[in-house]
Amino acid sequence: MLTQYFTASSLDGFIAAEPEDGLAWLLTRDIDMSGPQGYEEFFADVGALCMGATTYQWLLDHHDGPWPYEIPAWVFTHRRFPPADGDVTFTAGPVPEIHAAMVDAAAGKNVWVVGGGELAGQFCDHGLLDEVWIQYAPLTLGSGAPLLPRRVEFEEVALDRNGEFTCRRLRVKR
Ligand SMILES: NC(=O)c1ccc[n+]([C@@H]2O[C@H](COP(=O)([O-])OP(=O)(O)OC[C@H]3O[C@@H](n4cnc5c(N)ncnc54)[C@H](OP(=O)(O)O)[C@@H]3O)[C@@H](O)[C@H]2O)c1
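Reference entry: report on the structure contained in this document. The shown structure was predicted, so the numbers you read here are calculated from the model rather than taken from an experiment. (Residues numbered from 1 in each chain as written. Predicted model: local features only at pLDDT ≥ 70, side-chain atom pairs only at ≥ 80, totals over all residues. Heavy atoms only, no water.)

1. Thoughts on the pattern of salt bridges
Should their charged atoms come close, side chains of opposite charge can pair. Heads up, the condition is: Just to be clear on terms, a salt bridge is a Lys or Arg side-chain nitrogen sitting within 4 Å of an Asp or Glu carboxyl oxygen. Put simply, DSSP H or I for four residues or longer makes a helix, DSSP E for two residues or longer makes a strand, and each gets a number counted from the N terminus. Each residue is assigned to one of three classes by its accessible area relative to the maximum for its type, calculated with a 1.4 Å probe on protein chains only: buried under 20%, partly exposed between the two thresholds, exposed over 50%.
Going through the model one piece at a time under the given rule, you end up with seven salt bridges. Ionic pairing is found between Arg29 and Glu164, a salt bridge with its closest N-O pair at 3.2 Å. Taken together, the residues Arg29 in the loop between helix H1 (24–27) and helix H2 (39–43) and Glu164 in the loop between strand S9 (154–162) and strand S10 (165–172) connect sequence positions 135 residues apart. Under the relative-accessibility criterion, Glu164 is labelled partly exposed at 35%. Ionic pairing is found between Arg150 and Glu118, a salt bridge with its closest N-O pair at 2.9 Å.

This is the structure we're talking about:
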């Protein structure tokens, strides 16, 4: 069981542009979901996920159709969202406690921290993040939501090209 942060990023370390720009810089690019370090390979081993409130709100605003995940999900927030149409738990609980619940729910599979970067950083703060998978798009954004606003040392597990992206799978050094 690994706790993994899987995300796309600009070369200068932003996972989302300023709000009016959103993710258009990312979603229009060529990537093979079933290619190296693609979403399909990654997600096949995921048993539970979590995300912050901004990412959840982005999904509500941009994803057509029902909640896209069948696995249990936690949303870290202090806001009051309407009840979700899937297995979603809203929480402002301590990260280690929620992580333990996610590990239980994942039943031997991996745990995915969807983002944002500050939430992934909180998992790092508690020594709970094992890996970061980053798909770097060939552009800089100059500003936006940070990839991982912490100082963390990594060792490389794999380095691949997939479409327009340079994909790095990194293990957190403890
Ligand atoms: N490039 C990619 O692949 C990718 C991946 C994921 C996300 N994204 C995008 O990146 C952006 C990330 O936004 P963001 O940096 O604002 O991060 P976020 O983690 O999505 O949301 C941050 C919010 O989550 C809540 N939160 C975080 N930690 C918490 C805790 N311990 N307890 C309770 N609530 C907590 C807080 O919301 P409240 O206190 O206000 O409720 C906080 O303001 C989004 O636009 C998303 O769509 C991109």
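So that's the structure; there's more coming.
2. Some words on unusual backbone geometry
The omega angle of the peptide bond from Gly115 to Gly116 is 5°, so this bond is cis rather than trans. Topologically, Gly116 is positioned in the loop between strand S6 (110–115) and helix H5 (117–125). Although it is not a glycine, Gln37 sits at a positive phi angle of roughly 55°. Gln37 sits in the buried class, given a relative accessible area of 3%. Positioned with a positive phi, Ala107 is a non-glycine residue whose angle comes to about 50°. Positionally, Ala107 belongs in the loop between helix H4 (95–106) and S6. Taking the relative accessible area as the measure of exposure, Ala107 reaches 65% and is therefore exposed.

3. Observations regarding the nonpolar core
Note the cut-off: In these notes, a set of buried Ala, Val, Leu, Ile, Met, Phe, Trp, Tyr and Cys residues joined through side-chain atoms within 4.5 Å is what counts as a nonpolar core. By the convention used here, residues are in contact when the closest approach between their heavy atoms is within 4.5 Å.
In this structure, Cys50, Phe123 and Leu129 are the most contacted members of the largest nonpolar core, which totals 25 residues. Of all the secondary-structure elements, those providing two or more residues to this core are strand S3 (46–52), strand S4 (73–76), H4, S6, H5, strand S7 (131–136) and S10. Setting aside residues up to four positions removed in sequence, Leu129 forms contacts with Thr3, Gln4, Tyr5, Val113, Ala120, Phe123, Cys124, Val172 and Arg174. Core analysis: the second largest hydrophobic core is formed by 18 residues, Val46, Tyr56, Ile71 and Val88 among them.

4. Details of the packing of aromatic side chains
Rule in force here: Stacked, tilted and edge-to-face pairs are distinguished by plane angle, under 30 degrees for stacked and over 60 for edge-to-face with tilted covering the rest, among Phe, Tyr and Trp rings (Trp via its six-membered ring) whose centres lie within 6.5 Å.
This model, assessed by the stated rule, comprises 17 aromatic pairs. Taking the centre distance of 6.0 Å and the plane angle of 70° together, the rings of Phe43 and Trp112 count as edge-to-face. Of this pair, Phe43 sits in helix H2 while Trp112 sits in strand S6; the two residues are 69 residues apart in sequence, bridging distant segments of the chain. Residue classification places Phe43 among the partly exposed positions, given a relative accessible area of 23%.

5. Describing the environment of Arg171
Considering the arrangement of structural elements, one finds Arg171 in strand S10. Judged by relative accessible area, which is 37%, Arg171 ranks as partly exposed. A sequence separation of 18 residues divides Arg171 from Glu153, and the C-alpha atoms of the two residues are 8.5 Å apart. With near-sequence residues (within four places) excluded, Arg171 lies in contact with Asp130, Glu131, Glu153, Phe154, Glu155 and Val157.

6. What about the sheet that holds S6?
Convention followed: A pair of strands is labelled paired if DSSP reports no fewer than 2 bridges between them. Lines fitted to C-alpha atoms define the axes here, with helix axes fitted over just the stretch in contact, and angles between the N-to-C directions of these axes take values from 0 to 180 degrees.
Reading across from one edge, S5-S4-S3-S6-S1-S7-S10-S9 is the order of the eight strands in this open sheet, with mixed pairing throughout. Looking at which strands have only one partner, the edges of the open sheet turn out to be strand S5 (88–91) and S9. With direction set aside, neighbouring strand axes in the sheet form an average angle of 20°. Against the sheet, helix H3 (residues 53–62) engages S3, S4, S5 and S6, with an angle of about 100° to S3.

7. Points about the state of the cysteines
Cut-off, in case you're wondering: Note on terminology: disulfide denotes any pair of cysteine sulfur atoms within 2.5 Å.
What the rule picks out here adds up to zero disulfides. Of all cysteine sulfurs in the structure, the one in Cys124 sits closest to Cys50, which takes part in no disulfide; the separation is 12 Å. Cys50 gets classed as buried once you look at its relative accessible area, which sits at 0%. Exposure remark for Cys124: the relative accessible area of 18% places this residue in the buried category.

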